[in-house]
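# Notes for the structure review
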There are 2 protein chains.
Amino acid sequence: MNITTNNITINKSEASKINQIDFDNLVFGNVFTDHMFECDYIDGAWVNPTIRPYGNLSISPAAKVFHYGQAVFEGMKAFKDSNGDTFLFRPKENFNRINSSSKRMAIPEFPEDIFFEGLTTLLKLDKDWIKPGIGNSLYIRPFVIATQVGVSASPANQYKFMIILSPAQAYYTGDVKVVIAEQYSRSADGGVGYAKAAGNYGAQFYPTNLAKEKGFQQVIWTDANEHKYLEEAGTMNVFFRIKDSLFTAPTSDRILDGVTRKSVIALAKKAGIPVEVRPILVSEIVDAANSGDLKEIFGAGTAAVISPVSAFSYKEKTYTLPEMTKETKYATKFKKDLMEIQYNIAEDSFGWRYPVN
Amino acid sequence: MNITTNNITINKSEASKINQIDFDNLVFGNVFTDHMFECDYIDGAWVNPTIRPYGNLSISPAAKVFHYGQAVFEGMKAFKDSNGDTFLFRPKENFNRINSSSKRMAIPEFPEDIFFEGLTTLLKLDKDWIKPGIGNSLYIRPFVIATQVGVSASPANQYKFMIILSPAQAYYTGDVKVVIAEQYSRSADGGVGYAKAAGNYGAQFYPTNLAKEKGFQQVIWTDANEHKYLEEAGTMNVFFRIKDSLFTAPTSDRILDGVTRKSVIALAKKAGIPVEVRPILVSEIVDAANSGDLKEIFGAGTAAVISPVSAFSYKEKTYTLPEMTKETKYATKFKKDLMEIQYNIAEDSFGWRYPVN
């Protein structure tokens, strides 16, 4: 392994803990690699980019992140092909989005060169944690938190940017049953729903718990004004297949501009599948379910790639999606297409793969 | 000083840092006392209530508070009268509200007995930090954060409840100029706007910065659907005086149920001032400003108590509130009424004072 960096201080861990990890029984997001990347914002500049052994932070209880939620994050993955080479998937999209999220949360933007140098240096250092084999990956969590001390509600002047890494297996949750939101909301027009802001996620836990009590795993959010339009599932964008056409909501200031979402749209167009990106009425989906025209619903996001939905609930009625063979499901096709690009199996005509050399 | 507690472990600081503090030049929320209270939620129970020297936390970078914003807080104050006795103001309201906030953020509720025993024990230990004199106070910040490790978006199973204390002087910001929101929003119907959830605050910083660039200090938020109705100012509820009547928006799932707000309503009713708690159109306030009937706008919140607004901006036009003598301003009256109760000067006919014995 050859690591050269002029800008990043590297403090290597004394011993790897990799041999203590049971890679066949990983719980998503619970195990972390030997190292982490951090960089501090002090006096108006991002300084001291450092890789050091993964471990606790020493942070003031008055740090603004705890009180005012100035915190944004990204989710990415690294993949290893059969030659042992490592690839990222469209990482520039994640870089751009964390800065878009930061801007909305009054957090200073992070420099592109330090982002990529920090990320690739960290991945090279911990490359043994990326296991080959379809479905295995290294989940990458860049995030920014406000570290300035102060319990007055104003933007911080000190922040910490970090990247932590967590090995992940194929993320099979089974088919997902969802509730269409009728009372609770995820985001407002003019709000922060489009940002990967920490508070957007915690705010969904309570209504999601209510759905879980009824036997459903996730909520598909609707517009807060009238609960008439379908938006996103909180950790995934959502696609609907009516007959052979694909429908998904347009991005907006309420809806996350998902990387998997935009990749699915591109793959569908390439395959000649009609795609309509437009506001989708709940009533359209209910009508299509009743007529039998609704063939599939699936979520698209980094963690699970594609999550087929087997049923949805709306106004106390449950609608079950038709059984389809794996071969005829769009969900199967897009998952396969995406993973073959991610694992360097298929040609990458879009230029989405990013080799970590 | 006599501290007796059967339930709380107390680790006293070796030396007080109080003599290093310039109490005549305090910046709000930047200096903290010698001790802090903490209590952990582990295996389904709040355990190990402890008071220890104020200092940094050692916390995992993968703690859910950093990633999913499961964090709520309260703001309270302790006051000292001329006899050196300490009082809180309606602390049960804050206790109830932190649990209401927690519930919405899928955080376990905190027990009332530990809340009050922890708070009063901490206040007795650090009572020299509460300076007598009208305007001086000790700002109290209870808060809860999700400490469980894991970068998967689901509620944590470990939390930390804390109380930190910050001495405060009279909080005089000068008259405040505000912008009425026309594009950005604070909260959605069915969202978490009524909770003191950390993310609600960070989400306001960017639009507030835009207002500051135009010479205004705060934003009065309007409904996200149409921006037609006036809601709250983000860190304060808002009152409007038209002729001699007082108007304020009803609480809802978008608007914080402020303790100062409900105290002002009670004081107004007691004084025979007509109060209407109902949705208030922006257009009503603009019309009243144009006709000269709009006499006052003021914010009500724990930190500043009452903040008079001197001007507001709406659709690029600035409306200046009329000059009034201090004696005829409702803002002056309510601030005086509240502080005389808080500092044990006036009779407390409402039973709002809570002695810390």
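Residues numbered from 1 in each chain as written. Chains lettered and ligands numbered in written order. Predicted model: local features only at pLDDT ≥ 70, side-chain atom pairs only at ≥ 80, totals over all residues. Heavy atoms only, no water.

### Details of the pattern of salt bridges
Residues and elements named next belong to chain B. Quick note on the threshold: Salt bridge criterion: a side-chain nitrogen from Lys or Arg within 4 Å of a carboxyl oxygen from Asp or Glu. Secondary structure is summarised from DSSP: a helix means a run of H or I of at least four residues, a strand means a run of E of at least two, and numbering begins at the N terminus for each. Buried residues are those whose accessible area, probed at 1.4 Å on protein chains only, stays under 20% of the maximum for their type, while exposed residues exceed 50% and partly exposed ones sit between those limits.
Applying the stated criterion to the full structure yields 36 salt bridges over all chains. Here E231 ties to R254 by a salt bridge, and the two come within 2.5 Å at their closest N and O atoms. With E231 in the loop between β12 (229-230) and β13 (237-242) and R254 in the loop between β14 (245-248) and α5 (259-270), this residue pair connects regions lying 23 residues apart in the sequence. Considered together, E231 and R254 belong to a single accessibility category, that of buried residues. The partner of R278 in a salt bridge is E284, with the nearest N and O atoms 2.8 Å apart. Among the residues examined, E284 registers a relative accessible area of 23% and is labelled partly exposed.

### Notes on the pairing of strand β17 (residues 294-301) of chain B
All names here are of chain B. Rules: A pair of strands counts as paired when DSSP detects no fewer than two bridges linking them.
Of all eight residues making up β17, seven are buried, and the element is well covered by its neighbours. Here β13 pairs with β17 via six bridges, running antiparallel. Bridge pairing links N237 to A300 in β17. Pairing of β17 with strand β18 (residues 305-314), which is carried by five bridges, proceeds in the antiparallel orientation. Bridge pairing in β18 places F298 opposite P308. Hairpin connection of β17 to β18: three residues between the antiparallel strands.

### Let's talk about the nonpolar core
The test is simple: As used in this record, nonpolar core signifies buried Ala, Val, Leu, Ile, Met, Phe, Trp, Tyr and Cys residues forming a set joined through side-chain atoms within 4.5 Å.
Ranked by internal contacts, the top residues of the largest apolar core, which has 106 residues, are F66 of chain A together with F37, V65, F66, L123, I140 and F161 of chain B. Ranked by size, the runner-up nonpolar core spans 41 residues in total, among them Y41, I114, Y159 and V356 of chain A.

### Overview of the packing of helix α5 (residues 259-270) of chain A against helix α7 (residues 330-342) of chain A
Residue and element names in this part refer to chain A. Note the cut-off: Only the stretch in contact is used when a helix axis is fitted, and all axes are lines through C-alpha atoms; the angle between N-to-C directions ranges over 0 to 180 degrees. For this classification, under 35 degrees means roughly parallel, over 145 means roughly antiparallel, 65 to 115 means roughly perpendicular, and everything else is oblique. We call two residues in contact when some of their heavy atoms are within 4.5 Å. Three categories are distinguished: nonpolar for Ala, Val, Leu, Ile, Met, Phe, Trp, Tyr, Cys and Pro, charged for Asp, Glu, Lys and Arg, and polar for the others, with Gly belonging to the last.
In contact at an axis separation of 10 Å, α5 and α7 are set at 105 degrees when each is read in the N-to-C sense. The angle between α5 and α7 falls in the class roughly perpendicular. On α7, the residues touching T260, S263, V264, L267 and A268 of α5 are F334, D337, L338 and I341. Of the residues contributing to the contact of α5 with α7, the split by class is six nonpolar, two polar and one charged.

### With respect to the interface of chain B and chain A
Which entries qualify depends on this criterion: Buried area: the accessible area, evaluated with a 1.4 Å probe, that two parts lose upon being put together, summed over both parts.
In this assembly, 60 residues from chain B lie in contact with 60 residues from chain A. With both chains or domains summed, chain B and chain A bury close to 4800 Å², and 64% of this area falls on carbon and sulfur atoms. When residues of chain B are sorted by the area they lose upon contact with chain A, P61, F66 and F205 of chain B head the list and together hold 14% of the total. Joining chain B to chain A, the criterion identifies zero salt bridges. The element best represented in the side of chain B that touches chain A is helix α4 (residues 198-213) of chain B, accounting for nine residues. Across the side of chain B that touches chain A, the residue classes tally to 34 nonpolar, 22 polar and four charged. Where strand β4 (residues 57-59) of chain A lies against strand β4 (residues 57-59) of chain B, three bridges are found, and the strand directions are antiparallel. In the strand pairing of β4 of chain B, L57 of chain A is matched with I59 of chain B.

### Examining the side chain of R186 of chain A
Residue and element names in this part refer to chain A. As a reminder of what qualifies: Whenever two N or O atoms come within 3.5 Å, that pair is a polar contact, provided that in protein one can donate a hydrogen and the other can accept it, and provided that, for residues adjacent in sequence, both atoms are side-chain atoms.
Secondary-structure assignment places R186 in the loop between β10 (176-180) and α4 (198-213). There is a polar contact of 3.0 Å between the side chain of R186 and the backbone oxygen of G193. Here R254 takes part through its backbone oxygen, which lies 2.9 Å from a polar atom of the side chain of R186. The contact partners of R186, leaving out residues within four places of it in the chain, are G193, N200, Q204, W221, E232, G234 and R254.

### Structural notes on the side chain of T86 of chain B
Relative to the helices and strands, T86 of chain B is located in strand β7 (residues 86-89). The residues contacting T86 of chain B, other than those within four sequence positions of it, are A78, F79, K80, I130, Y354, P355 and V356 of chain B.

### Structural notes on the domain arrangement of chain A
Residue and element names in this part refer to chain A. What counts here: Each domain's extent is set by a domain assignment, obtained either automatically or from a database.
For chain A, the assigned domains read domain 1 (9-168) and domain 2 (176-341). Opposite the 20 residues of domain 1 that make contact, domain 2 presents 21 residues. Ranking the residues of domain 1 by area buried against domain 2 places F73, R97 and R104 at the top, with a combined share of 35%. Between E93 and K262 there is a salt bridge, with its nearest N and O atoms 2.7 Å apart. Taken together, domain 1 and domain 2 are joined by ten residue pairs in polar contact (both at pLDDT 80 or more). It is helix α2 (residues 91-104) that provides the largest number of residues to the side of domain 1 that touches domain 2, a total of six residues. By residue class, the composition of the side of domain 1 that touches domain 2 is nine nonpolar, five polar and six charged.

### Section: the relation of the copies chain B and chain A
Threshold: Copy-to-copy superposition: least squares on the C-alpha atoms, limited to residues that have pLDDT of at least 70 in both copies.
The operation relating chain B to chain A is a screw motion whose rotation component is 180 degrees, with 0.0 Å of axial translation and a residual RMSD of 0.0 Å. Such values leave the two copies arranged in the relation of a two-fold axis.

### Quick look at the pairing of strand β3 (residues 45-53) of chain A
Residue and element names in this part refer to chain A. Both strand β1 (residues 9-10) and β3 contribute to a ladder of two bridges, which runs parallel. In the strand pairing of β3, T9 is matched with T50. In this structure, strand β2 (residues 35-42) lies alongside β3, joined through seven bridges in antiparallel fashion. Within β3, the position partnered with F37 by the bridge is I51. Counting the residues in the hairpin turn of β2 and β3 gives two residues, including D43, whose phi is positive at 50 degrees.

### A closer look at unusual backbone geometry
Despite not being glycine, N344 of chain A has its phi angle at roughly 60 degrees, a positive value. Of note, N344 of chain A is situated in the loop between α7 and β20 (353-355). On the basis of relative accessibility, which here comes to 30%, the residue N344 of chain A falls in the partly exposed class. The phi angle at D43 of chain B is positive, at roughly 50 degrees, despite the residue not being glycine. Its place among the elements puts D43 of chain B in the loop between β2 (35-42) and β3 (45-53). Judged by its relative accessible area of 78%, D43 of chain B is exposed.

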